[in-house]
Amino acid sequence: MTSTTDILKTLRRPRLLVRAARFGLSDYNRDKDLKKLMKTSSTPSPSQAVDGLLATEAQLEDTRKAGDASYSCARHVEVLIALLAELQLLPRTAPKI
(Lines give C-alpha, C1' and ligand atoms only; values in the text may rest on other atoms or scores of the structure.)
Protein backbone atom coordinates (compact mmCIF):
# COMPACT_ATOMS: atom_id res chain seq x y z
CA MET A 1 0.00 0.00 0.00
CA THR A 2 1.29 3.44 -0.93
CA SER A 3 1.55 5.93 1.88
CA THR A 4 0.64 9.60 1.61
CA THR A 5 4.27 10.68 1.80
CA ASP A 6 5.16 8.36 -1.09
CA ILE A 7 2.40 9.90 -3.19
CA LEU A 8 3.53 13.41 -2.33
CA LYS A 9 7.12 12.67 -3.32
CA THR A 10 5.96 11.76 -6.81
CA LEU A 11 3.73 14.81 -7.36
CA ARG A 12 4.99 17.05 -10.14
CA ARG A 13 3.09 20.26 -10.77
CA PRO A 14 3.83 23.40 -12.77
CA ARG A 15 6.18 25.72 -10.93
CA LEU A 16 3.75 28.65 -11.14
CA LEU A 17 1.00 26.67 -9.35
CA VAL A 18 3.35 25.63 -6.56
CA ARG A 19 4.77 29.14 -6.15
CA ALA A 20 1.28 30.62 -5.95
CA ALA A 21 0.29 28.03 -3.34
CA ARG A 22 3.36 28.74 -1.23
CA PHE A 23 2.66 32.45 -1.43
CA GLY A 24 -0.92 31.89 -0.23
CA LEU A 25 0.07 29.84 2.83
CA SER A 26 0.30 32.94 5.03
CA ASP A 27 -3.41 33.71 4.49
CA TYR A 28 -4.66 30.15 5.02
CA ASN A 29 -7.40 29.89 7.65
CA ARG A 30 -7.91 26.21 8.45
CA ASP A 31 -11.42 26.48 9.88
CA LYS A 32 -12.83 28.65 7.12
CA ASP A 33 -10.89 27.49 4.05
CA LEU A 34 -10.87 23.76 4.74
CA LYS A 35 -14.60 23.62 5.44
CA LYS A 36 -15.27 25.43 2.16
CA LEU A 37 -12.93 23.28 0.08
CA MET A 38 -14.09 19.98 1.53
CA LYS A 39 -17.74 21.04 1.80
CA THR A 40 -18.11 19.95 5.43
CA SER A 41 -19.66 21.58 8.47
CA SER A 42 -16.84 20.52 10.80
CA THR A 43 -13.11 20.75 10.34
CA PRO A 44 -11.60 17.31 9.60
CA SER A 45 -8.37 16.02 11.12
CA PRO A 46 -5.18 16.77 9.18
CA SER A 47 -4.87 13.19 7.93
CA GLN A 48 -8.48 13.12 6.72
CA ALA A 49 -7.99 16.52 5.12
CA VAL A 50 -4.83 15.44 3.29
CA ASP A 51 -6.55 12.34 1.90
CA GLY A 52 -9.54 14.35 0.66
CA LEU A 53 -7.40 17.16 -0.71
CA LEU A 54 -5.17 14.71 -2.59
CA ALA A 55 -8.22 13.25 -4.31
CA THR A 56 -9.56 16.69 -5.19
CA GLU A 57 -6.16 17.84 -6.43
CA ALA A 58 -5.80 14.74 -8.63
CA GLN A 59 -9.15 15.51 -10.26
CA LEU A 60 -8.10 19.11 -10.85
CA GLU A 61 -4.79 17.98 -12.34
CA ASP A 62 -6.56 15.58 -14.71
CA THR A 63 -8.91 18.38 -15.78
CA ARG A 64 -5.95 20.73 -16.31
CA LYS A 65 -4.02 18.22 -18.39
CA ALA A 66 -7.08 17.43 -20.51
CA GLY A 67 -7.45 21.11 -21.38
CA ASP A 68 -11.04 21.06 -20.17
CA ALA A 69 -12.72 24.47 -20.13
CA SER A 70 -14.15 23.75 -16.67
CA TYR A 71 -10.66 23.84 -15.13
CA SER A 72 -10.22 26.54 -12.48
CA CYS A 73 -6.66 27.62 -11.81
CA ALA A 74 -7.82 29.56 -8.74
CA ARG A 75 -9.47 26.47 -7.25
CA HIS A 76 -6.37 24.40 -7.98
CA VAL A 77 -4.21 26.93 -6.12
CA GLU A 78 -6.68 26.97 -3.19
CA VAL A 79 -6.50 23.18 -2.92
CA LEU A 80 -2.70 23.20 -3.12
CA ILE A 81 -2.52 25.87 -0.39
CA ALA A 82 -4.71 23.74 1.88
CA LEU A 83 -2.72 20.61 1.04
CA LEU A 84 0.61 22.24 1.88
CA ALA A 85 -0.78 23.68 5.12
CA GLU A 86 -2.34 20.39 6.23
CA LEU A 87 0.85 18.49 5.48
CA GLN A 88 2.64 20.71 7.97
CA LEU A 89 0.17 19.56 10.65
CA LEU A 90 0.75 15.84 10.11
CA PRO A 91 2.94 14.14 12.69
CA ARG A 92 6.48 13.46 11.57
CA THR A 93 7.54 9.85 11.39
CA ALA A 94 10.97 8.74 12.51
CA PRO A 95 13.30 7.74 9.66
CA LYS A 96 13.89 4.01 9.23
CA ILE A 97 17.40 2.93 10.10
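Given the structure is predicted, the values throughout are model-derived calculations rather than measurements.

Novice: Explain the overall build of the protein chain residue by residue, including any values.
Specialist: Looking only at helices and strands, the protein chain features five helices and zero strands. Element order for the protein chain, N to C, with α for helix and β for strand: α-α-α-α-α. Sequence separation of at least 24 residues holds for 63% of the intrachain contacts in the protein chain that already meet a minimum separation of 6. Accessible surface, the protein chain as shown: approximately 6900 Å² in total, 54% of it carbon and sulfur.

Novice: Summarise the packing of helix α3 (residues 30-38) against helix α4 (residues 46-66); cite the residues concerned and give the values.
Specialist: Look at α3 against α4: their axes get within 11 Å of each other, and the N-to-C directions meet at 40°. The pairing of α3 with α4 is recorded here as oblique in orientation. Between α3 and α4 lies a crossing whose hand is left-handed. On α4, the residues that touch Arg30, Leu34, Leu37 and Met38 of α3 are Pro46, Gln48, Ala49, Gly52 and Leu53. Taken together, the residues of the contact of α3 with α4 break down into six nonpolar, two polar and one charged.

Novice: Summarise the side chain of His76; cite the residues concerned and give the values.
Specialist: With respect to the element layout, His76 can be found in helix α5 (residues 73-89). With residues near it in sequence (within four places) discarded, His76 still touches Leu17, Glu57, Leu60, Glu61, Arg64 and Tyr71.

Novice: Help me get a handle on α5, residues and values and all.
Specialist: The terminal C-alpha atoms of α5, which comprises 17 residues, lie 25 Å apart, in line with the 24 Å expected from a rise of 1.5 Å per residue. Of all the residues in α5, the buried ones are His76, Val77, Val79, Leu80, Ile81, Ala82, Leu83, Ala85, Glu86 and Leu87.

Criteria and thresholds
- Residues numbered from 1 in each chain as written.
- Predicted model: local features only at pLDDT ≥ 70, side-chain atom pairs only at ≥ 80, totals over all residues.
- Heavy atoms only, no water.
- Helix = DSSP H or I, 4+ residues; strand = E, 2+ residues; numbered from the N terminus.
- Contact = heavy atoms within 4.5 Å.
- Areas by Shrake-Rupley, 256 points an atom, 1.4 Å probe, with all protein chains shown as cover.
- Axes fitted to C-alpha atoms, helices over the stretch in contact; angles between N-to-C directions.
- Parallel < 35°, antiparallel > 145°, perpendicular 65-115°, else oblique.
- Left-handed = near helix turned anticlockwise from the far one by under 90°.
- Nonpolar A, V, L, I, M, F, W, Y, C, P; charged D, E, K, R; others polar.
- Expected span 1.5 Å × (residues − 1).
- Buried < 20%, exposed > 50% of the residue type's maximum accessible area, 1.4 Å probe, protein only.

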